[in-house]
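Chains, contacts and geometry: an overview
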Amino acid sequence: MINLGLDFDNTLINYDSLFQKAASEKKLIPSNFPKSKKLIRDYLREKGLEDKFTLLQGEVYGSRITEAVQSEGMFKALKDVQKKGVNLFIVSHKTKEPYSGPKFDLHEAALSWLEKNMFFDKSGINIPKDNVFFEVTKEKKINRILSIGCTHFIDDLPEILEMIDPRIIKILYSPLSERISDNKVIYMNNWSNLNKIID
């Protein structure tokens, strides 16, 4: 039995276009700036505007999350592995509220995005809501991955995968094909590769 655990932010959901749109609206970046959360964060840090990025992130992850798009190919990939009998779980490290700025329930916001993108619909991914976990610390996320019996876990953050029990198959979602030193990690630079990995 394969229990596939899935990270949420920057794994199932792609914020790059939304960060670029929101930052442009606030005139924090030049109009032709690339659609990249990471580049926007780095740019604002270099300008001494990290507090502006923190506010921006709270807005994107909160009140505007439903404007964010699915990671390319993710929906079909998950539907395909489900046909093999794979169980899906979402386990995310996510604070309940933004670090600064207006108060907003980030857990409810993420659930709204999952609902909008048919994760709970029978005609969609059809994951039971009981299989979705938002944990307020990294340690709680790691413990949850173990306690629900994940056999595989996909995350975009190497630091999370390094913390996971070595008996779990670790899959790094790395659309930019970044490499890390852990030689036990399986790289997935495109969701279309998942079917071959889960075989």
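Going by the structure above, here's the rest.
Quick summary incoming for the structure in this document. Note that the structure is predicted; figures quoted are calculated from it, not measured.

Rules and cut-offs
Residues numbered from 1 in each chain as written. Predicted model: local features only at pLDDT ≥ 70, side-chain atom pairs only at ≥ 80, totals over all residues. Heavy atoms only, no water. Pairing = 2+ DSSP bridges. Helix = DSSP H or I, 4+ residues; strand = E, 2+ residues; numbered from the N terminus. Axes fitted to C-alpha atoms, helices over the stretch in contact; angles between N-to-C directions. Contact = heavy atoms within 4.5 Å. Buried < 20%, exposed > 50% of the residue type's maximum accessible area, 1.4 Å probe, protein only. Phe/Tyr/Trp six-rings, centres within 6.5 Å; stacked < 30°, edge-to-face > 60°. Salt bridge = Lys/Arg side-chain N within 4 Å of Asp/Glu carboxyl O.

The parallel open sheet is built from six strands, whose spatial order is β5-β4-β1-β6-β7-β8. Two strands lie at the open edges of the sheet, namely β5 (132-135) and β8 (186-188), each paired on one side alone. Put simply, the sheet's adjacent strands are angled 25 degrees from each other on average, direction ignored. In terms of strand pairing, strand β6 (residues 152-155) meets strand β7 (residues 169-173) through four bridges, oriented parallel. In the strand pairing of β7, H152 is matched with I169. Of the strands in this sheet, β4 (87-93) and β5 touch helix α5 (residues 106-116), which is tilted by about 150 degrees from β5.

A two-sided burial pattern is seen for β6, the buried positions comprising H152 and I154 on one face and F153 and D155 on the other. With three bridges connecting them, strand β1 (residues 3-6) and β6 associate as parallel partners. In the sheet register, G5 faces β6, and the bridge partner there is F153.

Let us now look at the packing of aromatic side chains. A full pass over the atoms with the stated rule returns ten aromatic pairs. Ring geometry for F33 against Y43: centres 5.1 Å apart, planes inclined by 55 degrees, an arrangement best described as tilted. With F33 in the loop between α1 (16-25) and α2 (37-46) and Y43 in helix α2, the pair connects residues that are ten residues apart, well separated along the chain. Given the relative accessible area of 13%, F33 is considered buried. The exposure class assigned to Y43 is partly exposed, which follows from its relative accessible area of 22%. Here Y173 and W191 contribute two aromatic rings whose centre-to-centre distance is 5.6 Å and whose plane-to-plane angle is 40 degrees, an arrangement assigned as tilted. Note that Y173 is positioned in strand β7 and W191 in the loop between β8 and α8 (194-197), a separation of 18 residues in sequence. Judged by relative accessible area, Y173 falls into the buried class, the value being 9%. Given the relative accessible area of 0%, W191 is considered buried.

The tally for this structure, following the rule as stated, stands at 19 salt bridges. Among the ionic pairs, R64 bridges to E67, the shortest N-O distance being 2.9 Å. On the accessibility criterion, R64 (12% relative accessible area) is buried. The partly exposed category is assigned to E67, whose relative accessible area is 36%. Between E159 and K138 there is a salt bridge, with its nearest N and O atoms 2.4 Å apart. Taken as a pair, E159 in helix α7 (residues 158-163) and K138 in helix α6 (residues 138-147) lie far apart in primary sequence, 21 residues in all.

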